[in-house]
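# Examining the three-dimensional arrangement
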Amino acid sequence: MRRAGDKKMIVDEPDSHFIFVFHPKIYEGKKYTVYEGRDLTNGEVLQYWGKWIVLGDKAHLDELARKLDSYVEEEVIPCIKYDRKPPANLGLKEAVMMVYCDKRKSEEIWQILKQHGVKIKAWVSERETMEMWLPGGALLEQWIASMNLSEEEARFNREDAAARMGYIFDHPDEIFDAWSQ
């Protein structure tokens, strides 16, 4: 776990499924969805925001996170998160690291990843991710199936996902705030 005054941007809370790498400005209420010093709106996030996907075991992703830590500190890479273990409820056998950035800077970030040994070039937009978490979307439906939910629980989760994701789609001019969605 990172403590105040530590230089590392890695936040590893043992109870969390994810390990995060982000700048402490997030604790001050600053957004990570920023482009050229300006917070992105929901519409801009849908148009430009996304992530590079890196698969591997936890040891490999821990090592990569340490290598990328300084880029987060320097605010070149806005935010990273990765699985502590493979998300079996999504049918995956490897852990996933997501290196977030604006598409307009994605090639710059890809060059950094490539320099640190990433070989498979896999970009997913935030729009695509959100669509996969909508009712009928591959990720939401896989998650529901893996959780053995009752029909009522599955319906509730589909409605909740539709409301959360739909808000972003329906309010394109509002400043994006992932934490409140």
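Here, the structure is the one placed above.
Quick caveat, the model's predicted, so the values are computed rather than measured. (Residues numbered from 1 in each chain as written. Predicted model: local features only at pLDDT ≥ 70, side-chain atom pairs only at ≥ 80, totals over all residues. Heavy atoms only, no water.)

## Focus: the layout of surface pockets
To find leftover empty space, a probe the size of one water molecule is rolled over the atoms. Test applied: Whether a set of points on the 1 Å grid over the protein atoms alone is a cavity depends on a 1.4 Å probe fitting there but being unable to get out, while an open set qualifies as a pocket with protein on both sides within 12 Å along at least five of seven lines; lining residues are those with an atom within 4 Å of a point. Grid points are joined across faces, edges and corners, and a volume is the space filled by probe spheres set on the points. Labels follow the DSSP assignment, with helices taken as runs of H or I lasting at least four residues and strands as runs of E lasting at least two, numbered in each case from the N terminus. Asp, Glu, Lys and Arg are counted as charged, while Ala, Val, Leu, Ile, Met, Phe, Trp, Tyr, Cys and Pro are counted as nonpolar; the rest, among them Gly, fall into the polar class.
Considering only enclosed or pocket space, the largest pocket measures out at about 1300 Å³ in volume. Residue lining of the largest pocket: 36 residues in total, with Phe-18, Lys-81, Tyr-100, Thr-129 and Trp-133 positioned closest to the centre. Secondary-structure elements contributing two or more residues to the lining of the largest pocket are strand S2 (18-22), strand S5 (49-56), strand S6 (79-83), strand S7 (95-102), helix H4 (126-132), helix H5 (138-146) and helix H6 (151-170). Residue composition of the lining of the largest pocket, grouped by class: 25 nonpolar, five polar and six charged. The space that makes up the second largest pocket amounts to roughly 440 Å³. Only strand S3 (34-35) and S7 provide two or more residues apiece to the lining of the second largest pocket. Residues belonging to the lining of the second largest pocket are distributed by class as follows: 10 nonpolar, three polar and eight charged.

## Remarks on the sheet that holds S2
Put simply, the rule reads: At least two DSSP bridges between two strands are needed for those strands to be called paired. Any two residues whose heavy atoms approach within 4.5 Å at even a single point are treated as in contact. Axis geometry follows a simple rule: fit a line to the C-alpha atoms, using only the stretch in contact for helices, then measure angles between N-to-C directions, giving values from 0 to 180 degrees.
Reading across from one edge, S1-S2-S6-S7-S5-S8 is the order of the six strands in this open sheet, with antiparallel pairing throughout. Whereas interior strands pair on both sides, the edge strands pair on one side only; in this sheet they are strand S1 (10-11) and strand S8 (123-125). For S1 and S2, the ladder comprises two bridges, and the chain directions are antiparallel. Looking at the pairing, Ile-10 lines up with Val-21 of S2. The strands touched by helix H2 (residues 58-73) are S1, S2, S5, S6 and S7; relative to S5, the strand with the most contacts, the crossing angle is about 140 degrees.

## Some thoughts on the nonpolar core
Defined as follows: Residues belong to one nonpolar core when they are buried, are Ala, Val, Leu, Ile, Met, Phe, Trp, Tyr or Cys, and are joined through side-chain atoms within 4.5 Å. Only protein chains enter the accessibility calculation, which uses a 1.4 Å probe. A residue is then buried if its area is under 20% of the maximum for its type, exposed if over 50%, and partly exposed in between.
Membership of the largest hydrophobic core comes to 24 residues, with the highest contact counts inside it found for Leu-68, Ile-77, Ile-80, Met-97 and Val-99. It is H2 that provides the largest number of residues to this core, a total of six residues. Setting aside residues up to four positions removed in sequence, Ile-77 forms contacts with Leu-68, Tyr-71, Val-72, Val-99, Tyr-100, Ile-109 and Ile-112. In this structure, Val-45, Met-98, Tyr-100 and Ile-168 belong to the second largest nonpolar core, which totals 17 residues.

## Topic: helix H3 (residues 106-115)
For clarity, the cut-off: Think of the arc as the fan of directions from the helix axis to the C-beta atoms.
Taken as a whole, H3 has its buried residues at Ser-106, Ile-109, Trp-110, Ile-112 and Leu-113. Along the axis of H3, the buried residues cluster in a sector spanning 160 degrees; they form a single face. Each element contacted by the buried residues of H3 is listed here: S5, H2, S7 and S8. Phi turns positive, to about 95 degrees, at Gly-117, one or two residues after H3.

## Remarks on the packing of aromatic side chains
Defined as follows: Centres within 6.5 Å make a pair out of two Phe, Tyr or Trp rings, where for Trp the six-membered ring is used; the pair is then stacked when the planes are under 30 degrees apart, edge-to-face when over 60, and tilted otherwise. Placement of a charge over a ring requires the Lys NZ or Arg CZ to be within 6 Å of the ring centre, with the centre-to-atom vector within 35 degrees of the ring normal.
Scanning all chains against the criterion turns up six aromatic pairs. Ring centres 5.4 Å apart and planes at 70 degrees place the aromatic pair Trp-52 and Trp-123 in the edge-to-face group. With Trp-52 in strand S5 and Trp-123 in strand S8, this pair connects stretches of sequence that are 71 residues apart. By the ring-pair criterion, three or more aromatic residues cluster together here, those being Phe-18, Phe-20 and Phe-22. In this structure, Arg-104 packs its charged tip against the face of Tyr-35, placed 3.7 Å from the ring centre.

## Topic: the state of the cysteines
Our working rule: In this description, the term disulfide denotes a pair of cysteine sulfurs within 2.5 Å.
Counted under the stated rule, the structure contains zero disulfides. Here Cys-79 is not cross-linked by a disulfide; its sulfur's nearest cysteine counterpart is in Cys-101, at 11 Å. Using a relative accessible area of 1% as the deciding quantity, one classes Cys-101 as buried.

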